[in-house]
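Coordinates in review
Residue strings, one per chain:
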Amino acid sequence: MESPQLLTGKRVAVLAADGVEQAELVTPVTALKAAGAEVAVIALRPGRIRAMHVHQSADLLRVDKTIGDAVAADFDALLVPGGYIGPDLLRQSGPARGFLRQAHALDQPIALMSQAVLLLVSCGLAGGRTVTAWPGVRDDVVNAGATWRNQDVVCDGKLLTSCGPQDTAALVQALIPFFAGAPPLDPPAVTQAAPQSDPPQEEPSETPGQPLRWLSAPSVGAMLSLALLGVGVVAANRGLRKKRADDTEAQAPPAADTAH
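Residues numbered from 1 in each chain as written. Predicted model: local features only at pLDDT ≥ 70, side-chain atom pairs only at ≥ 80, totals over all residues. Heavy atoms only, no water.

1. Overview of the packing of helix α1 (residues 22–34) against helix α6 (residues 168–180)
It is the contact of α1 with α6, at a shortest axis distance of 10 Å, that shows an interaxial angle of 40°. Here α1 lies oblique to α6, going by the angle between them. Judged by the sense of rotation from one axis to the other, the crossing of α1 with α6 is right-handed. For the pair α1 and α6, the contacting residues are Ala23, Glu24, Thr27, Pro28, Ala31 and Leu32 in the first and Thr168, Val172, Leu175, Ile176 and Phe179 in the second. Here the residues of the contact of α1 with α6 are counted per class, giving 8 nonpolar, 2 polar and 1 charged. (Axes fitted to C-alpha atoms, helices over the stretch in contact; angles between N-to-C directions. Helix = DSSP H or I, 4+ residues; strand = E, 2+ residues; numbered from the N terminus. Parallel < 35°, antiparallel > 145°, perpendicular 65-115°, else oblique. Left-handed = near helix turned anticlockwise from the far one by under 90°. Contact = heavy atoms within 4.5 Å. Nonpolar A, V, L, I, M, F, W, Y, C, P; charged D, E, K, R; others polar.)

2. Considering the nonpolar core
The tendency in soluble globular proteins is for nonpolar side chains to be buried side by side. If you look at the biggest cluster of nonpolar residues, it comprises 35 residues, and the most contacted ones within it are Leu15, Ile42, Leu78, Val80, Phe99 and Leu112. With 5 residues, the top contributor of residues to this core is helix α4 (residues 117–122). With near-sequence residues (within four places) excluded, Leu112 lies in contact with Val80, Val117, Leu120, Leu159, Leu160, Thr161 and Ser162. One finds Ala16, Val41, Ala51 and Leu61 within the second-largest nonpolar core, a separate group that totals 32 residues. (Core = buried A, V, L, I, M, F, W, Y, C linked by side-chain atoms within 4.5 Å. Buried < 20%, exposed > 50% of the residue type's maximum accessible area, 1.4 Å probe, protein only.)

3. Considering unusual backbone geometry
Phi angles above zero are rare outside glycine, and Val54 is one such case at about 60°. Along the chain, Val54 falls in the loop between β4 (48–53) and β5 (56–62). Val54 sits in the buried class, given a relative accessible area of 9%. Positive phi values are uncommon outside glycine, yet Ser114 reaches one of about 45°. Within the secondary structure, Ser114 is located in the loop between β8 (110–113) and α4.

4. Re α1
Under the 1.5 Å per step criterion, the end-to-end length of α1 is 18 Å for 13 residues, consistent within 8% with the ideal 18 Å. Inspection of α1 places Gln22, Glu24, Leu25, Pro28, Val29, Ala31 and Leu32 among the buried residues, and these make up the whole buried set. Positive backbone phi, approximately 100°, marks Gly36, located one or two places after α1. (Expected span 1.5 Å × (residues − 1).)

5. Comments concerning the confidence of the model for the protein
Put simply, the protein has an average pLDDT of 83, and 73% of its residues get 70 or more. Between residues 187–194, whose pLDDT stays under 50, and residues either more than four places distant or in other chains, the model counts 8 contacts. Throughout residues 208–227 the model reports pLDDT below 50, and contacts reaching past four residues in sequence, or to other chains, amount to 11 contacts. (pLDDT = per-residue confidence, 0-100.)

6. Considering the sheet that holds strand β3 (residues 38–43)
What links the strands of a sheet is backbone hydrogen bonding, and the strands pair in either a parallel or an antiparallel sense. In spatial order, the strands read β6-β3-β1-β7-β8-β12-β11; together these 7 strands make up an open sheet with mixed pairing. Every interior strand has two partners, whereas the edge strands, β6 (65–66) and β11 (153–156), have only one. Taken together, the 5 bridges between strand β1 (residues 11–15) and β3 define a ladder with parallel strand orientation. Looking at the pairing, Leu15 lines up with Ile42 of β3. (Pairing = 2+ DSSP bridges.)

See the structure below:
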């Protein structure tokens with residue numbers, strides 16, 4: 001017997017940009033659609049956006065709408081995936097900040113994954129909230145007036161947050177009932193008389209199964225192309241210098257004849 005589609009009739013906006021963490025976009029979107037939701041990926045530009053696996057380039061993912069054509073009132077919920085690059089681009093975008101503010105003003109459920117909590121900070125909406133987020137942005141969140149928890153997933157009213165890509169499964173498990181309007185799964189995690197943030201980590205976080213590689217080795221073809229380009233530049237410079245020398249020689253006045 002199939003499980004009920006809890007999100008049938010729900011319209012979910014997914015706000016993303018180039019550099020979005022692929023697992024944090026593809027996995028929740030697949031789960032939302034399986035639960036019956038109508039999902040639209042909204043980006044800063046049309047066409048496709050480049051996803052990432054941590055710092056490694058991943059797939060090009062299709063966009064359904066641009067932020068200039070999207071209105072928060074057309075949706076019932078908002079999801080913002082994380083990543084090292086995508087949320088940084090979103091928080092610099094006035095229309096993206098405006099979209100989140102509109103969703104918040106409409107009292108829509110909002111889910112923010114890992115670094116995407118920074119968009120909440122840039123919108124001035126983090127103060128007084130209890131969230132989790134990628135440990136690397138913990139200080140930004142705390143300085144904005146929020147309480148940071150070092151937990152997989154935290155629910156604070158109409159706000160659901162996750163810590164990192166390794167917590168995507170936990171986020172998805174909470175996301176479906178959250179968007180369906182069910183009570184939070186773990187109320188004690190977000191209801192405390194005197195909230196205090198968890199301390200920062202002593203060691204950097206590592207995403208399981210995704211080793212950090214800042215630069216991949218260039219291919220033979222790329223190296224050959226660069227070499228040929230360098231040869232061409234050198235040859236062009238030599239030709240230019242020779243031409244200038246010839247022009248100067250041609251323009252020089254003839255030497256005076258001193259013979260008698």
